[in-house]
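# Descriptive structure summary
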Amino acid sequence: MDSVLTQVLLPVALGIVMLGLGLGLAVADFKRVVVFPKAVLVALACQVLLLPVVCFGLVLALDLPPVLAVGMMLLAASPGGTTANLYSHLFGGNVALNVTLTAVNSVLAVFTLPIVVNLSLDHFLAGTGQIGLQFDKVVQVFAIVLVPVALGMLIRARRRAFAERMHRPVRILSVIVLVLVIAGAIIKERDNVADSFEAAGVAALAFNLISLAVGYFAPRLARVGRAESVAAAMEVGIHNGTLAIVIATSLLNSTEIAVPAAVYSLIMFFTAAGFGYLIRPRTTSGPSPATIMG
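Since the model is a prediction, treat every value here as computed from it, not as a measurement.

### Focus on the overall build of the chain
Helix and strand counts for the chain stand at 13 helices and zero strands. Walking the chain from its N terminus toward its C terminus, one meets helices and strands in the order α-α-α-α-α-α-α-α-α-α-α-α-α. Relative to its 294 residues, the chain shows a buried fraction of 53%. Of the contacts formed within the chain by residues at least 6 apart in sequence, a portion of 84% connects residues at least 24 apart. Summed over its atoms, the accessible surface of the chain is roughly 13000 Å², and 69% of this surface lies on carbon and sulfur atoms.

Structure, rendered in structure tokens:
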């Protein structure tokens, strides 16, 4: 059963999530980088360069167990999740920028994520026999991330009306899938779940709050507009936890490495809502809890 979960069900679940992303993307979304060059560069610099460094310092400061430290670094290297678009919309962010950042960052992650993960494994788990993401597994990362996205984009290009009809249902299905993925990771790690969640909880919460703050205030310091800064905050603060869980369980064969991503995925929806409420434009009322949950 564990083999079916990690080798079949979780990759399929991630495929659904990434297909949903592709259904909402077009080639123009990649070209839009030239429309928001400063915002894109600042947000990507925060997500790709700054966050892994911050996360590394955080796990050292908290003295996390090595396996959980690797899980935190895997999470830090994961791109933004598609839910960032929804939160950006709710709190006055530039959703077009979110779509662009998600598209570009998902491509970049294919190259940056294996580097961060392998360096983390070498630092925290050297001598334990834990094998990193070698070339064949990097190819698998490429396949599970970009192939479903490309398929979704192809469907949108050929059958735009169908893609637009399916985009919302697939997005809802993606949320359901995320919950099931987290539940599966928790169940599989149930013997150690209390200790692991307690150890990873503080780190995940701290990293989430730091990610949201960095994602918003770094663009503001760079004199990026408020709407673009809100978009960057949601993109940087809401990670693709499903991807991190799949890589941990299916490619690294460790459910314990997946624990930080599972905890983070549970936390981020509430913290992102609270953060969005705090930074929303004061001239308009924020969304009600019913709107967020709906």
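### Notes on the packing of helix α6 (residues 95-124) against helix α10 (residues 226-237)
It is the contact of α6 with α10, at a shortest axis distance of 9 Å, that shows an interaxial angle of 40°. Taken together, the axis directions place α6 and α10 in an arrangement best described as oblique. Seen from above, α6 lies across α10 with right-handed handedness. Only Glu228, Ala231, Ala232, Met234 and Glu235 of α10 make contact with α6, whose side of the interface consists of Leu97, Asn98, Leu101 and Thr102. When the residues that make up the contact of α6 with α10 are grouped by side-chain class, the tally is five nonpolar, two polar and two charged.

### Focus on the confidence of the model for the chain
With 81% of its residues at a pLDDT of 70 or more, the chain shows a mean pLDDT of 81. Below a pLDDT of 50 lies the segment residues 288-294, which in the model reaches seven contacts outside its immediate sequence neighbourhood of four places, other chains included.

### Section: the nonpolar core
Among the nonpolar cores identified, the biggest contains 73 residues, and Leu74, Val145, Phe207, Met234 and Ile247 are the most heavily contacted of them. It is helix α12 (residues 255-279) that provides the largest number of residues to this core, a total of 13 residues. Dropping the residues within four chain positions of it, Leu74 is found in contact with Leu113, Val117, Ala244, Ile247, Ala248 and Ile257. Phe36, Ala43, Leu44 and Val104 belong to the second-largest nonpolar core, a separate cluster that totals 11 residues.

### Quick look at the packing of aromatic side chains
Applying the stated rule across the entire model yields six aromatic pairs. Measuring from ring centre to ring centre gives 6.0 Å for Phe207 and Tyr264, while their planes differ by 50°; the resulting arrangement is tilted. Here Phe207, found in helix α9 (residues 193-221), pairs with Tyr264, found in helix α12; they are 57 residues apart in sequence, far enough to count as distant. Classification of Phe207 by relative accessible area gives buried; the value is 0%. Classification of Tyr264 as buried rests on a relative accessible area of 0%. An aromatic cluster of at least three residues, connected via ring pairs, comprises Tyr87, Phe91 and Phe269.

### Overview of the side chain of His239
In this fold, His239 is placed in the loop between α10 and α11 (241-251). Side-chain polar atoms of His239 contact the backbone oxygen of Leu75, separated by 3.2 Å. Within the local environment of His239, its side chain forms a polar contact with the backbone oxygen of Val236, the two atoms lying 3.2 Å apart. In contact with His239, other than residues within four places in its own chain, are Gln47, Leu51, Leu75, Ala76, Ser78, Pro79, Gly80, Gly81, Phe207, Ser211, Tyr264 and Met268.

### A word on the environment of Thr255
Residue position: Thr255 is located in helix α12. Along the chain, Thr255 and Ile245 lie 10 residues apart, while their C-alpha atoms are 7.9 Å from each other.

### Focus on helix α3 (residues 37-62)
Over its 26 residues, α3 runs 36 Å from end to end, which matches the ideal 38 Å to within 8%, given 1.5 Å per residue. At Leu50, α3 shows its maximal kink, close to 45°; a proline, Pro52, follows between one and four residues later. Taken from the residues just after α3, Asp63 is the one with a positive phi, measuring 55°.

### Observations concerning the packing of α10 against α12
For any two helices packed against each other, one specifies the crossing angle of their axes together with the interaxial distance. Following both chains from N to C, one finds α10 and α12 inclined at 165°, their axes separated by 10 Å at the closest point. As summarised for this structure, α10 and α12 are arranged roughly antiparallel, according to the angle between their axes. For α10 against α12, the interelement crossing comes out right-handed. Contact residues: Arg226, Val230, Ala233, Met234 and Gly237 in α10; Tyr264, Met268, Ala272, Phe275, Gly276 and Ile279 in α12. In terms of residue class, the contact of α10 with α12 is built from eight nonpolar, two polar and one charged.

Cut-offs and rules
Residues numbered from 1 in each chain as written. Predicted model: local features only at pLDDT ≥ 70, side-chain atom pairs only at ≥ 80, totals over all residues. Heavy atoms only, no water. Helix = DSSP H or I, 4+ residues; strand = E, 2+ residues; numbered from the N terminus. Buried < 20%, exposed > 50% of the residue type's maximum accessible area, 1.4 Å probe, protein only. Contact = heavy atoms within 4.5 Å. Areas by Shrake-Rupley, 256 points an atom, 1.4 Å probe, with all protein chains shown as cover. Axes fitted to C-alpha atoms, helices over the stretch in contact; angles between N-to-C directions. Parallel < 35°, antiparallel > 145°, perpendicular 65-115°, else oblique. Left-handed = near helix turned anticlockwise from the far one by under 90°. Nonpolar A, V, L, I, M, F, W, Y, C, P; charged D, E, K, R; others polar. pLDDT = per-residue confidence, 0-100. Core = buried A, V, L, I, M, F, W, Y, C linked by side-chain atoms within 4.5 Å. Phe/Tyr/Trp six-rings, centres within 6.5 Å; stacked < 30°, edge-to-face > 60°. Polar contact = N/O pair within 3.5 Å; in protein donor to acceptor, adjacent residues only side chain to side chain. Expected span 1.5 Å × (residues − 1). Bend = angle between axes of the 7 residues up to and from the residue.

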